[in-house]
6 protein chains.
Amino acid sequence: EPLLTPYAGYDVGVADEYDTNVGEIITDARDAAEADVGIVGIPFDTACVAGPRGSRLGPKAVRDELTHGTCYNPGLDVDISRGIDVVDYGDVDVDQTDVLAAHGRVEQALTAITADGVVPVSIGGDHSLTYPTAKAMMNAVDGDVGVINIDAHHDVRHSHGGELSSGTPFRRLLEDDADQLAGENFVELGLSGWHNSKYYVDWVRDIGAEIVTARDVHQDGTEHAVERALDAATDGTAAVFVSVDIDVLDAGSAPGTCAPSPGGLHTHQLLELVYQLGRHDLIRGFDLHEVAPPLDADGVTAKAGAAVVTQFLGARRASQ
Amino acid sequence: EPLLTPYAGYDVGVADEYDTNVGEIITDARDAAEADVGIVGIPFDTACVAGPRGSRLGPKAVRDELTHGTCYNPGLDVDISRGIDVVDYGDVDVDQTDVLAAHGRVEQALTAITADGVVPVSIGGDHSLTYPTAKAMMNAVDGDVGVINIDAHHDVRHSHGGELSSGTPFRRLLEDDADQLAGENFVELGLSGWHNSKYYVDWVRDIGAEIVTARDVHQDGTEHAVERALDAATDGTAAVFVSVDIDVLDAGSAPGTCAPSPGGLHTHQLLELVYQLGRHDLIRGFDLHEVAPPLDADGVTAKAGAAVVTQFLGARRASQ
Amino acid sequence: EPLLTPYAGYDVGVADEYDTNVGEIITDARDAAEADVGIVGIPFDTACVAGPRGSRLGPKAVRDELTHGTCYNPGLDVDISRGIDVVDYGDVDVDQTDVLAAHGRVEQALTAITADGVVPVSIGGDHSLTYPTAKAMMNAVDGDVGVINIDAHHDVRHSHGGELSSGTPFRRLLEDDADQLAGENFVELGLSGWHNSKYYVDWVRDIGAEIVTARDVHQDGTEHAVERALDAATDGTAAVFVSVDIDVLDAGSAPGTCAPSPGGLHTHQLLELVYQLGRHDLIRGFDLHEVAPPLDADGVTAKAGAAVVTQFLGARRASQ
Amino acid sequence: EPLLTPYAGYDVGVADEYDTNVGEIITDARDAAEADVGIVGIPFDTACVAGPRGSRLGPKAVRDELTHGTCYNPGLDVDISRGIDVVDYGDVDVDQTDVLAAHGRVEQALTAITADGVVPVSIGGDHSLTYPTAKAMMNAVDGDVGVINIDAHHDVRHSHGGELSSGTPFRRLLEDDADQLAGENFVELGLSGWHNSKYYVDWVRDIGAEIVTARDVHQDGTEHAVERALDAATDGTAAVFVSVDIDVLDAGSAPGTCAPSPGGLHTHQLLELVYQLGRHDLIRGFDLHEVAPPLDADGVTAKAGAAVVTQFLGARRASQ
Amino acid sequence: EPLLTPYAGYDVGVADEYDTNVGEIITDARDAAEADVGIVGIPFDTACVAGPRGSRLGPKAVRDELTHGTCYNPGLDVDISRGIDVVDYGDVDVDQTDVLAAHGRVEQALTAITADGVVPVSIGGDHSLTYPTAKAMMNAVDGDVGVINIDAHHDVRHSHGGELSSGTPFRRLLEDDADQLAGENFVELGLSGWHNSKYYVDWVRDIGAEIVTARDVHQDGTEHAVERALDAATDGTAAVFVSVDIDVLDAGSAPGTCAPSPGGLHTHQLLELVYQLGRHDLIRGFDLHEVAPPLDADGVTAKAGAAVVTQFLGARRASQ
Amino acid sequence: EPLLTPYAGYDVGVADEYDTNVGEIITDARDAAEADVGIVGIPFDTACVAGPRGSRLGPKAVRDELTHGTCYNPGLDVDISRGIDVVDYGDVDVDQTDVLAAHGRVEQALTAITADGVVPVSIGGDHSLTYPTAKAMMNAVDGDVGVINIDAHHDVRHSHGGELSSGTPFRRLLEDDADQLAGENFVELGLSGWHNSKYYVDWVRDIGAEIVTARDVHQDGTEHAVERALDAATDGTAAVFVSVDIDVLDAGSAPGTCAPSPGGLHTHQLLELVYQLGRHDLIRGFDLHEVAPPLDADGVTAKAGAAVVTQFLGARRASQ
Ligand SMILES: [Ca+2]
Ligand SMILES: [Ca+2]
Ligand SMILES: [Ca+2]
Ligand SMILES: [Ca+2]
Ligand SMILES: [Ca+2]
Ligand SMILES: [Ca+2]
Ligand SMILES: [Ca+2]
Ligand SMILES: [Ca+2]
Ligand SMILES: [Ca+2]
Ligand SMILES: [Ca+2]
Ligand SMILES: [Ca+2]
Ligand SMILES: [Ca+2]
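Below, the structure is looked at part by part. (Residues numbered from 1 in each chain as written. Chains lettered and ligands numbered in written order. Predicted model: local features only at pLDDT ≥ 70, side-chain atom pairs only at ≥ 80, totals over all residues. Heavy atoms only, no water.)

## Description of the coordination of the calcium ion (ligand 6)
All names here are of chain C.
Phase 1 of the analysis: Coordination of the calcium ion (ligand 6) by the protein is provided by Asp-151 (OD), His-153 (ND1), Asp-245 (OD), Asp-247 (OD) and Asp-247 (OD), with metal-donor distances spanning 2.2 to 2.5 Å.
Phase 2 of the analysis: As a motif over one chain, the donors of the calcium ion (ligand 6) read D-x1-H-x91-D-x1-D.
Phase 3 of the analysis: For the pair the calcium ion (ligand 6) and the calcium ion (ligand 5), the metal-to-metal distance amounts to 3.0 Å, and Asp-151 bridges them. Neither Asp-245 nor Asp-247 differs from the other in exposure class; each is buried. (Donors = N, O, S within 2.8 Å, 3.2 Å for Na, K, Ca; no water. Buried < 20%, exposed > 50% of the residue type's maximum accessible area, 1.4 Å probe, protein only.)

See the structure below:
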């Protein structure tokens, strides 16, 4: 059975011949000779075990919003209508009731993509999926890697009552793949509120990870946060993975997610972080998770998710 | 047929005799001896051709919210219950299926109001309407004018597939009325995200317009933005028009609009811009567009729109 | 008839043995030997006379959200799972159609709690309730007190047409209890927008109160605001009460309230204020009002309210 | 202080000269020489003590929907654009925190209207208001009266914990005004679900009232229900009052109310009941309660409420 | 410029090899050798001049829901997975600001389709579009035609203030094309509530049309309604067009439309009507209008619309 | 680890001493000497593999609504405040990522309850859970059983791509437990729309099951449906299980579910079916599934679910 189901739904809307819609620059991966960046959907939210699910519909909603955008960002003065090849590999075809099997298929699909020299942009889905998305990068690169988790939460749980969950991906990476991912190269960026536990922050500190909280960003700005994150993630590493959990945003800007965060980052701050981190030469993988359309009023969370994805495309364009 | 339908619905709510509600200071234009500022509704969204419509209901929703407000702003220490005469001219009675005819009637109604020395505050409606609202100011004043577009988008399209649209007003003004509006006196303030095109920013730059992006505002503050905008818009001009597209706000603060902007301005930043710009002596026209009640959750977008309108009244009061 | 109805609904959700949920640290007051902080619900919104009611359901919604949180805040590096004893007294059992009787029962219940050396955290309910919640603190302490109102509104009305309302609590305190609360020890923090009246700000100034507007916070930061508020509220006083009206937040972050405030505080700013003020040694009472679940989209306002309450618990923990 | 605040907001929308909008036939009562029917708003929901409030905003929402309708009903072949004089008296200006005072003012205002030979159509508001609206009819007529309560609930409570509430109006009428309203002339029409108590149905039966449940209507049809209701209500009476609680409808058709009823009446059944009952010669009063706009999705409950009111106008037209 | 934009978005969801999803049986018209029925989207709501627009997004939403359905209806015992060829022609590419031009392109596209022997199923869009969709059938057939309008409204207006609108299509057909469509062959089925005018019903009666109201359907059942409708529409005609305005449904079942109808038809009644009418041999055209996704809560209106379309496919299957 | 987590949240609301709230008659199972009926929550929606999840939150939402109800139904003249002992066992504590393990724990918990002579009322959760809930009844009784599935769907899938799902429970029961459940004793009641497949109906017919569609109910009434269902389910059986999938309701009355059904049953019809079936002497088990609060507007689906549960309690009361 093929790993991937092609996505054929990019809708370029009402045409203005002087615009290039993002939908127009995204090619079906099967038709593309080469690619810089490759979008992959992962419609899976089974490992969201503690709040309302819904991110299984994230890939469709984010792509729907993505396609309406255009290719130029005036704040960045970056134009992605040329100079970057973007493809879409469709969705990973996953079982909905077997977390490990789903992770296995994601890892397999993304390892192949990364090995081809393409930077995958995975759109989930629950955050458990960063285990296979980041693992795929590790499989494809030689040497140590850095991982930056932009998230309101640690996500280094042992488990929820014995289960893998959306709270466990980074511990799995740090423990199971410790030869490639050292604690010192792991960054928690955006932790906020009262959703975390002392036990876990102690462990994160023990392994030497860098912690930059949402409060740090509010007080010291995004530039300082980027510097701290890159210092840690790039120290002696051959590749860096950036993972975005949309719940890092303030609840008012991202209500449509399993665990919204009052007091989280502003959307413009997150976009700045994604742009500054995404431009780094070592970036080899990126994912966005936890956009949950059934929980979203007015689609603002899906719109924010699409902005994050396009911003990352802009960052890659700017890095070239 | 009369151009205007009177508006009789200001509801002053539960009375506190020590309050003055905004609804209480707005007089029916037919009953007023004189006026400083005149509210005009334009229930028209036909030129919104590329996303969901809804701003036709904007004038009613913004007025409904407006009427609940009171006349004092503690941050500004400004009281509009005295020292400024505000009237309401009702709605321009427009055809819903003929864009040019509607624009013609808007231009005619507002030219007369402006010529009377009143500063019109038009509440739309789709952003195509800034062609006739700004044109009316040009008709009524001698000499060059400046225009400041506070918007996430350029709105200098040639057209959407041959049609006038909410994306075309400023090109029409800059091309058709170039004798009164020079590119150097045009300001794009608040551009953000991935909703614009390189082709159009190149044109905006070519004509010498000033561009202050949302990112500029987030990084350098509102004061600097105001300074840049006024420097350009007032340079050799006899009058300045300020246009606000509510989609300049962050999507979380203004979801109820055709094209919400993740990462846009905070509401307090927009209000600061409106206050600082609105106080300038040369201001002769103002409009607010794209509040679309059917797309709005909890009415927050209409509330933001009403705050923008009242803030402008406060600015006019402060300028006197 | 007993004053209080016990609350038995804390739901600790899916267990992770390394987490401590906030629901787990809150003990039924009847079972607790001692307490530092005591939660009290006040399901009453009758004095909300001028907009949509709904805050009667606030205590339930805020507690529901509260229980999902965990005990550690990475931005503050504070852990409330130990070092602080938190109890829940249940809801004050109030009549829904008699404002004075309801206030009387609230005052009676909270006076007893405060006299026991517990800091009550009252969750309302409409803001009229700060009359009895603050009065209870005055009853229980000797000497002068300070009161800090974190609110978009003055709430020093004479009345709405002769009635006590959610707009009258602070005038009642300042006039009826002037021997304990001097104008100089009263702080209005967060006033914004066009919801207030010149007549009332003049009175607030006349009595010598400190006014720190939302615009001040946006321009000068939270630290400066805290300093100004504490300077006033602690000047010669024996105890300080902090009251939070959730409508002090920007409408996009707190739509679910009677009178949302476009341009109000960001949630992270409010949380910072609560933390810095809540740590002060003189704090003897705290309340949160105006979370109105029927008006809330996606529950973001209830989540913000729960974050405020937990933040205050964190502040108390940090002060010990 | 005047009892009534005029209502000036009927909006006749886009004109079609061959239509007569309902808004066009409703005259301000102050300007009308005579009237058959008089609309009165009662913005009061304080006696809703056990669920979410919101019906205070019912009069505005129902009138807003009413005004969009036109004057002809093809199913009934009735045209209200002629042959009936409809006026609007505005809203009764009531205190929001004193139930008895509010009831007193409602009774006073409606007694005068009824005494003038006008049939009042009161739009509330919580159902407690049927005490004064029906009492006003009793005041104005000589002789016994019948009352038909179209409602999912008995509303014959003693009280909720000692308070008058939206559950008490009919006991008050039946006990306090027993000389004019006999149990045998009282009809409960539409009782459904699990929202009532054996204790109260026993009392209703004891006093000899007629009970026609929603299940009876579903099984036997509206015609039979009307016959039973009229037989009881008109037996020896000089006037009949019909009261509609919108929660008699199925929850899917009227979600925007304090206590929705799964399995309640279909809207077309309610409209049929209103039409058949409303045509009776003895009808001297009518009210509609419990439309709660803040609880309403898509405005369907307000639309249903407006349809009920217009249907009653149609019934009065048909009776003439 | 091509008339049609292909639609490539049918999403067959999670596969069960024993199911056939509706999305699987719909072929791109360009790839199909022959067809019985052809779906055509018309994303156009400009002629909705009097209420909130939104049906421009109807084709996308209805197709999205359609694709999730399967091919068997147990109530009808009809299976559309074989025995009927269904194609999709994509959307008619229309100008959004020129009603007549849009109608012209729709008429041109559908005339060609009908002439090919395919029964078009047009999904709009506002109801003005039935002028070109029915006109196309007239163009393609010789002889008289019948038209059945399943709608809460007459839609035989002269105009709204001089404009073509969603209220005018049937008068245009009856007047402009009177040689092919006699009043006696026109049926108004489902008229309800207070949204129509005596002036128009008089005209409808004058021309001899058949009127079957929603009240008739509620009282006499769908079978009788179908009989009356077919008797009129097939009397001496060579072809029959059936048009469905989703607002014929009760507002609780179809809130997402410009003008919801409290008391309208139940969904099961509409589906029965569509099935019984759609099986008739003379049916040569069908359309569905006024599904307005931005006005829809929970997508129930789009789901109802998709059910109507699939029901019609079932009717065509059953007729073969 | 204990199978069950106690539920302590029944909230009896504002007290009227003459009412008995449903929350008051439900005892914690640990405190009860004996019971007729036992409520069990199953917060599990993992086997919902093809649409949006959300029913994991069903047990909480249905219980919240349940508790507000009172004990008397006037249509049925049944009072559950006496004559029936109802307990609550809390929620089955299930793993969220392992369907078979979750089913095993449900089966174990419910087998014990049924063996104690209690009729379990399980509130899910996705419909896969009827495998263990019905299996538990089979475990506890000797002899053949009947099963009545009140559902818009067959739910006799082999699987979705190899997985157990909410579409598979009845095939599992019919195949794996064929010695106790014969096809002739299985009833599909309420099938509707275009959500099923010919392949599956053929299998259902082959095994001799009884099929009563929603269309049958609309045409022939509930009484006939009940007769057909009981004839089949009780023929030679020792016990009967009734399962309700809330999606059997019309989409307008139950939007908050994974797969809403336009044209499904009216709520009053479903309640009638539950009452007539639930009174039968052979009933030994009942469940309600697919109420998905995150997908629900205004809570109408949860309210319908609570009405179904209470109706079943009424049926049990009536049978005694
Ligand atoms: Ca995460
Ligand atoms: Ca997270
Ligand atoms: Ca614009
Ligand atoms: Ca814009
Ligand atoms: Ca306040
Ligand atoms: Ca306030
Ligand atoms: Ca009632
Ligand atoms: Ca009621
Ligand atoms: Ca129509
Ligand atoms: Ca219609
Ligand atoms: Ca099912
Ligand atoms: Ca089902």
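## Here's the deal with helix α6 (residues 198–206) of chain F
Residues and elements named next belong to chain F.
Phase 1 of the analysis: By the burial criterion, the buried members of α6 are Tyr-200, Val-201, Trp-203 and Val-204. Along the axis of α6, the buried residues cluster in a sector spanning 155°; they form a single face.
Phase 2 of the analysis: Positive backbone phi, approximately 90°, marks Gly-208, located one or two places after α6. (Helix = DSSP H or I, 4+ residues; strand = E, 2+ residues; numbered from the N terminus. Arc of directions from axis to C-beta.)

## Observations concerning the pattern of salt bridges
Close approach of charged atoms lets side chains of opposite charge pair.
Phase 1 of the analysis: One pass over the structure, following the stated rule, counts 107 salt bridges over all chains.
Phase 2 of the analysis: Where Lys60(E) meets Asp64(E), a salt bridge forms, and the shortest distance between an N and an O atom there is 3.4 Å. Here Lys60(E) pairs with Asp64(E), and both are found in helix α2 (residues 58–68), just 4 residues apart, close to one helical turn.
Phase 3 of the analysis: Between Glu175(E) and Arg171(E) there is a salt bridge whose closest N-O contact spans 2.9 Å. Of this pair, Glu175(E) and Arg171(E) both sit in helix α5 (residues 169–176), 4 residues apart, which is roughly one turn of the helix.
Phase 4 of the analysis: Overall, the relative accessible area of 4% leaves Arg171(E) in the buried class.
Phase 5 of the analysis: Bridged by salt links that share partners, the residues Lys60(A), Asp64(A), Lys60(E) and Asp64(E) form one connected network. (Salt bridge = Lys/Arg side-chain N within 4 Å of Asp/Glu carboxyl O.)

## Regarding the interface of chain A and chain C
Phase 1 of the analysis: Taken together, the contact pairs 34 residues of chain A with 35 residues of chain C.
Phase 2 of the analysis: The junction of chain A with chain C conceals about 2,700 Å² of combined surface from both sides, 58% of it contributed by carbon and sulfur atoms.
Phase 3 of the analysis: It is Trp194(A), Arg215(A) and Pro262(A) in chain A that bury the most area against chain C; as a group they hold 31% of the surface buried on that side.
Phase 4 of the analysis: There are 4 salt bridges connecting chain A and chain C. (Contact = heavy atoms within 4.5 Å. Buried area = accessible area lost by both parts, 1.4 Å probe.)

## A closer look at the relation of the copies chain A and chain C
Phase 1 of the analysis: The transform that puts chain A on chain C rotates by 120° and translates by 0.0 Å along the axis, for an RMSD of 0.0 Å. Within this description, the copies of the chain are treated as partners about a three-fold rotation axis. Identified as the residue of chain A closest to the rotation axis by C-alpha distance is Gly252(A), at 3.2 Å.
Phase 2 of the analysis: The share of interface residues of chain A whose copies in chain C are also at the interface is only 6%, consistent with the copies meeting through different surfaces. (Least-squares fit on C-alpha atoms with pLDDT ≥ 70 in both.)

## Some remarks on the environment of Asp16(B)
Phase 1 of the analysis: With respect to the helices and strands, Asp16(B) occurs in the loop between β1 (4–5) and α1 (22–25).
Phase 2 of the analysis: A relative accessible area of 5% means that Asp16(B) is categorised as buried.
Phase 3 of the analysis: A polar atom in the side chain of Asp16(B) sits 2.8 Å from the backbone nitrogen of Tyr18(B).
Phase 4 of the analysis: In terms of polar contacts, Asp16(B) uses its side chain to reach the side chain of Tyr200(C), at 2.8 Å. (Polar contact = N/O pair within 3.5 Å; in protein donor to acceptor, adjacent residues only side chain to side chain.)

## Topic: the pairing of strand β11 (residues 239–245) of chain B
Residues and elements named next belong to chain B.
Phase 1 of the analysis: Counting buried positions over the 7 residues of β11 gives 7, a clear majority of the element.
Phase 2 of the analysis: Alternating residues of β11 divide into Ala-239, Phe-241, Ser-243 and Asp-245 and Val-240, Val-242 and Val-244, and every residue in both groups is buried.
Phase 3 of the analysis: In this sheet, β11 lies alongside strand β8 (residues 145–150) in parallel orientation, the contact comprising 6 bridges. Considered in β11, the bridge of Ile-150 is made with Val-244. (Pairing = 2+ DSSP bridges.)

## Concerning the coordination of the calcium ion (ligand 8)
Phase 1 of the analysis: Surrounding the calcium ion (ligand 8) are the protein donor atoms Asp151(D) (OD), His153(D) (ND1), Asp245(D) (OD), Asp247(D) (OD) and Asp247(D) (OD), which sit 2.2 to 2.5 Å from the metal.
Phase 2 of the analysis: Of note, the donors binding the calcium ion (ligand 8) are all from one chain and are spaced D-x1-H-x91-D-x1-D.

## Quick word on the interface of chain F and chain E
Bring the parts together and some accessible area is lost; that lost area is often taken as the interface size.
Phase 1 of the analysis: The interface of chain F with chain E comprises 34 residues on the first partner and 36 residues on the second.
Phase 2 of the analysis: For the pair chain F and chain E, the summed buried surface comes to about 2,700 Å²; carbon and sulfur atoms form 58% of the total.
Phase 3 of the analysis: For chain F, the biggest contributors to the area lost against chain E are Trp194(F), Arg215(F) and Pro262(F); these three give 32% of the whole.
Phase 4 of the analysis: Run the count over chain F and chain E and you get 4 salt bridges.
Phase 5 of the analysis: Here chain F is connected to chain E by 17 residue pairs in polar contact (both at pLDDT 80 or more).
Phase 6 of the analysis: Secondary structure elements with two or more residues in the side of chain F that touches chain E: α6 and α7 (214–220) of chain F.
Phase 7 of the analysis: Here the element with the most residues in the side of chain F that touches chain E is α6(F); it accounts for 5 residues.
Phase 8 of the analysis: Here the residues of the side of chain F that touches chain E sort into 13 nonpolar, 15 polar and 6 charged. (Nonpolar A, V, L, I, M, F, W, Y, C, P; charged D, E, K, R; others polar.)

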